Amino acid sequence: MSDIPHVSNWVDGVHTSESTERITVLNPATEAIIATIDATTEASVNQIVQKSVDTFKKGPWARSDASERYAVLSRAATLLRARIPEFVELETVQTGRPIREMRAQLARVPEWLEYFASLARVYEGRVTPFKGPVINTLTRLPLGVVAQITPWNHPLLIAMKKISAALAAGNVVIVKPSELAPLSVLKMGDLFKEAGLPDGVLQIINGYGRETGKFLCESPFLSKIDLTGGILTYKAIAPIAALNMVPITAELGGKAPVCLFPSLEVEQAVKAALFASFIASGQTCVTGSRLLVHKDIYEPFLKLLVARVKQLRLGDPQDVRTQIGAVISKAAVERCEAFVERSRKEGERVLCGGNSTSLNSKGFFFEPTIIETRSGTDLACNEVFGPVIAAIKCESEDDIIQIANTDTSFALGASVWTNDFNQAHRVAHKIEAGIVWVNGHHLNDPSSPWGGFKESGVGKENGQEAFESYTKLKSTVINYGIQPTWFDPEIEGARYG
Ligand code: TXE
């Protein structure tokens, strides 16, 4: 046990452990313990929040010039870019995702820092067309101490999306990464310090969601909560946040439809489906988990898809040739198994995969799985968050749109694949989802707002919307000509409003 590194919380610019209770972090591909982290107690959480409030009120960050915030975030981007290989290694080990995915994903993470640094530097307030001899300025101020609850599937990307926006706007940030994959986020404390971020402006605390995460979200001293996680987590924290008048941004689950039309070459449709469905072993909020296939290409599509899925290389995430890595935990394997079992009971056809597997009898792996089903079934409607994908034969364009919009209460991502220009616009317009891709899937950019409708969440990550959501708008009304004559005797046409 002593060889296993302990990575303690990052508070006020140093690693510090106030609690003796530890949580083990596993490599999901080998089940080996790779580190321990703190299980932060309620008392510690409250202390950290209190210190953070002081830092916000008295420290330099909230009052810093935009140029200073730009400089710190830009330096952090440069430092991160230089250290990507180290983060790729860590991210692969703690998530079990293939190294080729982590290389591609992490190479872009510095762009979030650069984008929000730039936005902070160029962001301008407004002057409204206020009636009369009045100047009305609208300026944006930081909120205060913000809590960020982040998940395990893209640990660094999701945390950096949120951290970059919040810091750019001048807030003090307390991040609680997922207890399942916290290690890459924990490294960011040091990196930001080197970039010149004042101590205490970024606090990284660990613990179980139902304890540390809950204690944090219950604090009445927060100014915002930004969650990426499950709907149950949202429902656990939203009532108390509402009572505390703490606004929430929430990026929750999804059941993204992949709408495949006959103007596509079958081979192209299959490549689209593979890409949409199996990145991160299907463990992303926008996983293309419902293949809605037009009847005119359905049979050849399915035949080729199944052949290609059977060829996917599941294996050691560290091997550059591996295409499908582990899923995050034993519970994730069991969830996949339960979906497959229920589908089988319903008489749906498991066309490939369907089983858990392992490497040298270790690790949490699940075969990439395609199940032929129909609209309205458990698999068609509910999120698996794993590599178990529903294929549904659809009669027409209208049928595809109808199923896409009504089978689930999620509405985060959707993709429309067609070579028919008018159809692309028509269908994209009718699909109810926060993000619709045409002839693409998973495409993401720091400038492009990201967030769902319906039960997929509230608010947006990325873009000006995310930056603004980390600010409060102040309206200053400067009068240079209206006299306060309202209660003077016999004044005609006096203005009060
Ligand atoms: O998420 P959890 P899980 C969705 C997806 C998935 C489901 C469950 O639908 O099937 O969530 O995944 C913290 N108070 N997504 O169980 O538990 C927790 O410690 C405060 C979508 O892994 O919500 C972690 O830091 N915090 C998604 C974070 O919430 C609490 C990514 C997410 O964990 C808490 C991951 C509480 N009561 C899951 N309970 C996406 N949109 O990409 C938990 N947490």
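The shown structure was predicted, so the numbers you read here are calculated from the model rather than taken from an experiment. (Residues numbered from 1 in each chain as written. Predicted model: local features only at pLDDT ≥ 70, side-chain atom pairs only at ≥ 80, totals over all residues. Heavy atoms only, no water.)

Draft legend 1. Seen up close, the overall build of the chain. Along its length, the chain carries 17 helices and 25 strands. Its C-alpha radius of gyration of 25 Å places the chain within 12% of the 23 Å reference for a compact globule of 497 residues. Across its three principal directions, the C-alpha atoms of the chain cover 85 × 65 × 40 Å. Residue burial in the chain is summarised as follows: out of 497 residues, 54% are buried. When contacts within the chain are restricted to residue pairs at least 6 apart in sequence, those whose partners lie at least 24 apart make up 72%. (Helix = DSSP H or I, 4+ residues; strand = E, 2+ residues; numbered from the N terminus. Rg over C-alpha atoms; globule rule 2.2 N^0.38 Å. Buried < 20%, exposed > 50% of the residue type's maximum accessible area, 1.4 Å probe, protein only. Contact = heavy atoms within 4.5 Å.)

Draft legend 2. Spotlight on the nonpolar core. Counting residues in each nonpolar core, the largest one holds 56 residues, and the members touching the most others are Leu73, Leu80, Phe116, Ile163, Leu167 and Phe192. Once residues lying within four places of it in the same chain are set aside, the contact partners of Leu80 are Phe87, Val109, Pro110, Leu113, Leu156, Met188 and Leu191. Core analysis: the next-biggest nonpolar cluster, separate from the first, contains 27 residues, Ala276, Leu291, Val293 and Leu305 among them. (Core = buried A, V, L, I, M, F, W, Y, C linked by side-chain atoms within 4.5 Å.)

Draft legend 3. Expanded view of the pairing of strand E4 (residues 22-26). Across the two faces of E4 the burial differs, with Ile23 and Val25 buried and Arg22, Thr24 and Leu26 not buried at all. Relative to strand E5 (residues 33-38), E4 runs antiparallel, the two being bridged by 5 bridges. By the bridge assignment, Leu26 is partnered in E5 with Ile33. Count of turn residues in the E4/E5 antiparallel hairpin: 6 residues, of which Glu31 carries a positive phi of about 70 degrees. (Pairing = 2+ DSSP bridges.)

Draft legend 4. Quick look at the UniProt feature "domain: Aldehyde dehydrogenase" (unreviewed entry) in the chain. Look at the UniProt record and you will see "domain: Aldehyde dehydrogenase" (unreviewed entry) annotated at residues 17-475. Helix makes up 42% of residues 17-475 and strand 22%, whereas the separation of the span's terminal C-alpha atoms amounts to 43 Å. (UniProt positions renumbered as here; feature names shortened; annotations may be inferred.)

Draft legend 5. Here's a closer look at the site of the ligand. Around the ligand sit 25 residues in total, of which Thr150, Trp152, Glu179, Thr233 and Glu383 are the nearest. In the model, a nitrogen atom of the ligand is placed 2.9 Å from a nitrogen or oxygen of the Leu252 main chain. When the free accessible area of the ligand is taken as 810 Å², the share hidden by the protein chains comes to 84%. Breaking the shell around the ligand down by element, the ones donating at least two residues are helix H9 (209-217) and helix H10 (231-243). At 4 residues, H9 tops the list of elements feeding residues into the shell around the ligand. A breakdown of the residues in the shell around the ligand according to their chemical character gives 9 nonpolar, 10 polar and 6 charged. Counting residues domain by domain, the shell around the ligand receives three or more from each of domain 1 (6-252 + 456-476) and domain 2 (256-438). (Near = heavy atom within 4 Å. Polar contact = N/O pair within 3.5 Å; in protein donor to acceptor, adjacent residues only side chain to side chain. Areas by Shrake-Rupley, 256 points an atom, 1.4 Å probe, with all protein chains shown as cover. Nonpolar A, V, L, I, M, F, W, Y, C, P; charged D, E, K, R; others polar. Domains from an automatic or database assignment.)

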